[in-house]
Amino acid sequence: MPGAHIHQNTLGDGLVPLINKLQDIFTQAGVENVGGDLELPQIAVVGSQSSGKSSVLEALVGRDFLPRGPDICTRRPLVLQLVHTPYHHASHHNQAPMEWGEFLHRPNEIFTEFEAIREEIECETNRGTGNNKGVSDKQIRLKICSPHVLTMTLVDLPGITRVPVGDQPPDIEKRIRDMILSYIKRESCLILAVSPANTDLANSDALTLSKLVDPMGKRTIGVVTKLDIMDRGTDAVACIRGEVVPLRLGYIGVVNRCQQDIAQRRSIREARASEAEFFRHHPAYAEVIDKCGTEALGWSVSRILADHIAELLPALSDKIATRRAEAQRELKSLGEGRPEDVGRQSAMVLEKLHGYAAGFTKSVVGKSDDLSTSSLEGGARIHFVLQDIFVKGLESLDPTRAMSEEDIRTAIQNAAGTKGVLLLPDDSFEVLVKQAIRKMSDPCVKCARIVHDELGRIARTLINTMDLQRYPRLAQSVEDATRDFLVEGLTPAESMINSLVECQLAHVNTAHPDFVGGSKALRMAQQELKRRRGASSSAGAGDDDDEEMSGDENDFGEDVLADVTQRNAMLKKRDAKNKAKTALGRKLSGGSSASVDVSVDKENDTKALYSHENGVVSLKEPPGKIQASEPETDEELLQVLVTRILLGSYFAISRGVLADTVPKAVMHFLVNSVQRGLQQHLIQSLYHPNLVPSLLTEHPETEAKRLAARNKYKALSQAAQAIGAMPADLAAAGVTVGGRR
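Before going into details, it helps to say that this report is about the structure given with it.

**Digging into the overall build of the chain**
And then number 1: Of the regular secondary structure elements, the chain holds 23 helices and 10 strands.
And then number 2: Split into buried and exposed, the 741 residues of the chain put 44% on the buried side.
And then number 3: In the chain, once contacts between residues fewer than 6 apart in sequence are set aside, the share between residues at least 24 apart is 80%.
And then number 4: For the chain, the exposed surface amounts to about 38,900 Å²; the carbon and sulfur share of it is 51%.

**Regarding the side chain of Gln81**
And then number 1: Along the polypeptide, Gln81 turns up in strand β2 (residues 78-84).
And then number 2: Note on Gln81: relative accessible area 2%, which makes it buried.

**As for the pattern of salt bridges**
Oppositely charged side chains can pair when the atoms bearing their charge come close.
And then number 1: Applying the stated criterion across every chain, the model contains 27 salt bridges.
And then number 2: We note a salt bridge from Glu120 to Arg127, for which the minimum N-O separation is 2.7 Å.
And then number 3: Connected via shared salt-bridge partners are Arg76, Arg106, Glu109, Glu120, Glu124 and Arg127.

**Focus on the packing of helix α9 (residues 294-334) against helix α22 (residues 700-724)**
And then number 1: The geometry of α9 relative to α22 is characterised by a closest axis approach of 9 Å and an angle of 150° between their N-to-C directions. When the interaxial angle is binned, α9 and α22 end up roughly antiparallel. Taken as a pair, α9 and α22 cross one another with a handedness that is left-handed. Contacts between α9 and α22 involve Ser317, Ile320, Arg323, Arg324, Ala327, Gln328, Glu330, Leu331 and Leu334 from the former and Lys705, Arg706, Ala709, Arg710, Lys712, Tyr713, Leu716, Ser717, Ala719, Ala720 and Ile723 from the latter.
And then number 2: Considered class by class, the residues forming the contact of α9 with α22 number 10 nonpolar, three polar and seven charged.

**Structural notes on the packing of aromatic side chains**
And then number 1: With the rule as written, the count across this model stands at six aromatic pairs.
And then number 2: Arranged with centres 5.3 Å apart and planes meeting at 85°, the rings of Phe103 and Phe111 form a pair that is edge-to-face.
And then number 3: When its relative accessible area of 9% is taken as the criterion, Phe111 is described as buried.
And then number 4: Centre to centre, the rings of Phe515 and Tyr650 are 5.7 Å apart; their planes meet at 80°, and the pair counts as edge-to-face. Here Tyr650 lies in helix α20 (residues 634-686) and Phe515 lies in the loop between α15 (472-506) and α16 (518-532), a separation of 135 residues in the sequence. The pair formed by Phe515 and Tyr650 is uniform in burial state, with each residue classed as buried.
And then number 5: It is Arg186 that lies over the ring of Tyr183; its NZ or CZ is 5.4 Å from the centre.

**A short note on a nonpolar patch on the surface**
And then number 1: Residues Leu609, Tyr610, Val617 and Leu619 make up a contiguous nonpolar surface patch of roughly 390 Å² in combined accessible area.
And then number 2: With respect to the element layout, Tyr610 can be found in strand β9 (residues 610-613).
And then number 3: By relative accessible area, Tyr610 is classed as partly exposed at 30%.

**Let's talk about the pairing of strand β7 (residues 220-225)**
And then number 1: The buried fraction of β7 is high, at six of six residues.
And then number 2: Judged by which residues are buried, β7 turns out to be covered on both faces: Thr220, Gly222 and Val224 on one side and Ile221, Val223 and Thr225 on the other are all buried.
And then number 3: Sheet topology note: the strand β6 (residues 189-196)/β7 ladder contains six bridges and is parallel. Within the sheet, the bridge partner assigned to Ser195 lies in β7 and is Val224.
And then number 4: With helix α5 (residues 205-213) bridging β6 and its parallel neighbour β7, the resulting β-α-β unit is right-handed.
And then number 5: The sheet contact formed by β7 and strand β8 (residues 251-253) spans three bridges and is parallel. The residue of β8 that forms the bridge with Val224 is Gly253.

**Structural notes on the sheet that holds strand β4 (residues 140-146)**
And then number 1: Pairing is mixed in the open sheet, where eight strands are placed in the order β3-β4-β2-β5-β1-β6-β7-β8. Unpaired on one side and paired on the other, β3 (100-103) and β8 mark the two borders of the sheet. In this sheet, neighbouring strand axes are inclined to one another by 25° on average, regardless of whether the strands run parallel or antiparallel.
And then number 2: In the sheet, strand β1 (residues 42-47) pairs with β6 via six bridges, with the strands oriented parallel. Following the sheet pairing, Ala44 is matched in β6 by Ile191.
And then number 3: Across the sheet, helix α4 (residues 172-184) touches β1, β5 (152-156) and β6, and the angle it forms with β1 is around 150°.

**Remarks on the packing of helix α10 (residues 342-365) against helix α14 (residues 441-465)**
And then number 1: Running from amino to carboxyl end, α10 crosses α14 at an angle of 130°, the nearest separation of the two axes being 10 Å. With respect to α14, the element α10 is oriented oblique. Crossing hand, α10 versus α14: right-handed. Residue-level contacts link Tyr356, Gly359, Phe360, Ser363 and Val364 of α10 to Leu455, Ile458, Ala459, Leu462 and Ile463 of α14.
And then number 2: A class-by-class count of the residues in the contact of α10 with α14 yields eight nonpolar, two polar and no charged.

Reading the values: the criteria
- For every chain, the first residue of the written sequence is number 1, and numbering continues from 1 onward in sequence order.
- In keeping with the predicted nature of the model, local features appear solely for residues at pLDDT of at least 70, side-chain atom pairs appear and are counted solely at 80 or more, and the whole-chain, interface and lining totals rest on all residues.
- By convention in this description, side-chain values take in all heavy atoms of the structure and omit both hydrogens and water.
- Helix and strand labels come from DSSP, where a helix needs a run of H or I of at least four residues and a strand needs a run of E of at least two; each type is numbered from the N terminus.
- Remark: exposure states derive from per-residue accessible area (1.4 Å probe, protein chains only) relative to the maximum for the residue type, with buried under 20%, exposed over 50%, and partly exposed in between.
- Any two residues having at least one pair of non-hydrogen atoms within 4.5 Å are treated as being in contact.
- We get accessible surface area from the Shrake-Rupley algorithm with a probe of 1.4 Å; when it comes to residues, only the shown protein chains can shield them.
- Whenever a carboxyl oxygen of Asp or Glu lies within 4 Å of a side-chain nitrogen of Lys or Arg, that contact is scored as a salt bridge.
- Only the contacting stretch of a helix is used when fitting its axis, a line to C-alpha atoms as for every element, and angles between N-to-C directions run 0 to 180 degrees.
- For classification purposes, angles smaller than 35 degrees are called roughly parallel, those larger than 145 roughly antiparallel, those between 65 and 115 roughly perpendicular, and all remaining angles oblique.
- Crossing handedness follows the turn of the near helix against the far one: under a right angle anticlockwise gives a left-handed crossing, and clockwise gives a right-handed one.
- Gly counts as polar in this scheme, as do all residues outside two lists: the nonpolar Ala, Val, Leu, Ile, Met, Phe, Trp, Tyr, Cys and Pro, and the charged Asp, Glu, Lys and Arg.
- For Phe, Tyr and Trp, where Trp contributes only its six-membered ring, two rings pair if their centres lie within 6.5 Å, and the inter-plane angle classes them as stacked under 30 degrees, edge-to-face over 60, or tilted in between.
- To sit over a ring, a charge needs its Lys NZ or Arg CZ within 6 Å of the ring centre and within 35 degrees of the ring normal.
- Note on patches: the residues involved have over 30% relative accessible area and no salt bridge, like charges join within 9 Å, and the nonpolar side chains Val, Leu, Ile, Met, Phe, Trp and Tyr join within 5 Å.
- Pairing between strands is defined by DSSP: at least two bridges between them are needed.
- Viewed with both strands pointing away, a crossover whose connecting path from the first strand over the helix to the second turns clockwise is right-handed.

Right, dumping it as structure tokens:
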């Protein structure tokens, strides 16, 4: 090992500390929070449990500091940062230690005794794995500063073992292999594969694992240990030359301290002197002397690591910049959280309430900043409800469609009561038309409720899109206050709609200009009666009544009467089928002939109400259910036809009025009220000094995300700053960032 006073500045002296700093930054922030592909250059030390791995590391440091024992000692990854410091002579003017260690988990605490470093490694290992040989992948980070080391960073991984001991699980070998592979599989990781010379190199555990992830040997450095205990007459020159298992970065041969040396506390400096003596007096290694010894290993590893860092640094710098921008966007999306100042808290609540109310209005009037092209939303859905669902649904409603002539005849007789029925049955018309108008009450009220639900849908969508869910109490309070506001609008809207229906029921305005009127309805009914009696109008023999009817009247009459004719034909067909079934039943039961005359049935039904005995009429009790008789005269049939025409005409008028006024009531009391008073209602309900701090209480998950994003952004910013502040002597040495000398 060269003396400290002749140490020359190398590329590693500038780049390796930079990577060490980045490692410390990311470890404190949490590597998993920075980005999976943001991998820092490092060297992983891999070897079996008895390969001499720990002795190699101690030889590089020049101190005994690693735990020792017959079983597995390295049970957690140890990130060892070696930093070369200038050599100085201790004096009363300078009390700083020449060599010291520092753990990341115990910052600002200096360890000058390497025995204390060993004890702290053991204690920290036990804190993470227990006292009975357990294994963990949680790192221990140790920095050693000394004038006797070359600047480099190594990761000492647990040695490969096959037989579990203590609390180790049965699959300990697989777990350790998986842990090692998780490090060495990264392209940014160099592999220091330690293999003992007294075993077959082709079967080396370290080289076997490295071949899995680095089959071409591009980033593997081979270390052959225990050259001094090989069988007599044998040497490892072929292995060091790379003739057995070729590696592009080559091999270094070293001689470790034996167990007796360790037991006798032989210093590493003495051991290194003995190692140099071994290679100097062994003729076989003369031709590869530059690849032998701990000193050669230190210089090779430091140089290879520095070149590796220089090669990867440009891409690493770009990734850090990209991750920093992503972290900044993520942090911005999560917001600043609840301010500490009460005034700023109040301002934030007001801003969010104003933004929510403005967004609600924009959504209703169709001015949203993010209009959808895939489906209707916001105010367009409300328009769809009012026009396509309510208006068209109301227009499809026809109260006469389900009424037969028998139904109308029954209503006429019931409305007349004990009196006879005149030609134009006004009372029955009014009763039937009010019944028809009442049928429109439910869909009118339902229309208001559907619009109310759509407004609630807009509220929930806004709460999600405006990210109010970040503050659960504020989001719930805004939703509750909006719901209360909409209910306050729904109540008068329903009251107004019920009043509109009641207005239609309060007065049947037969003087309405669009109402067909009694005389016109009578002419239409007479025309239908003539058709039924077989008196069809022939060409040139037009009826005077028909000529007096206007075009609009004739069109309306033709529509109504055509519908009547079609409906009566269907009813007659149904009655004929029923009578045929009755006749067939009588025939099968041995009764009278199947051809039963309708008049005979009527006569039998009539006689069932009274009987003659000995010339005296005997009256009988009426049945529980009495149906109106079918029209027997032209006058009775005219009454039915006129009532149907009048009912259809007036219902169309009332239906048109409600189809026009109900949407207006819904818009006034529900939809437009959002623009008029939602923001004021939210402020009155939620803007209270005692309530504001609790409204801005965030979900714990959101707070955790913001904290993680803030730490990530801080770490990446520090990393970018560290890369930007690299020592200027790199340029003086002829090296650019990412370049090689």
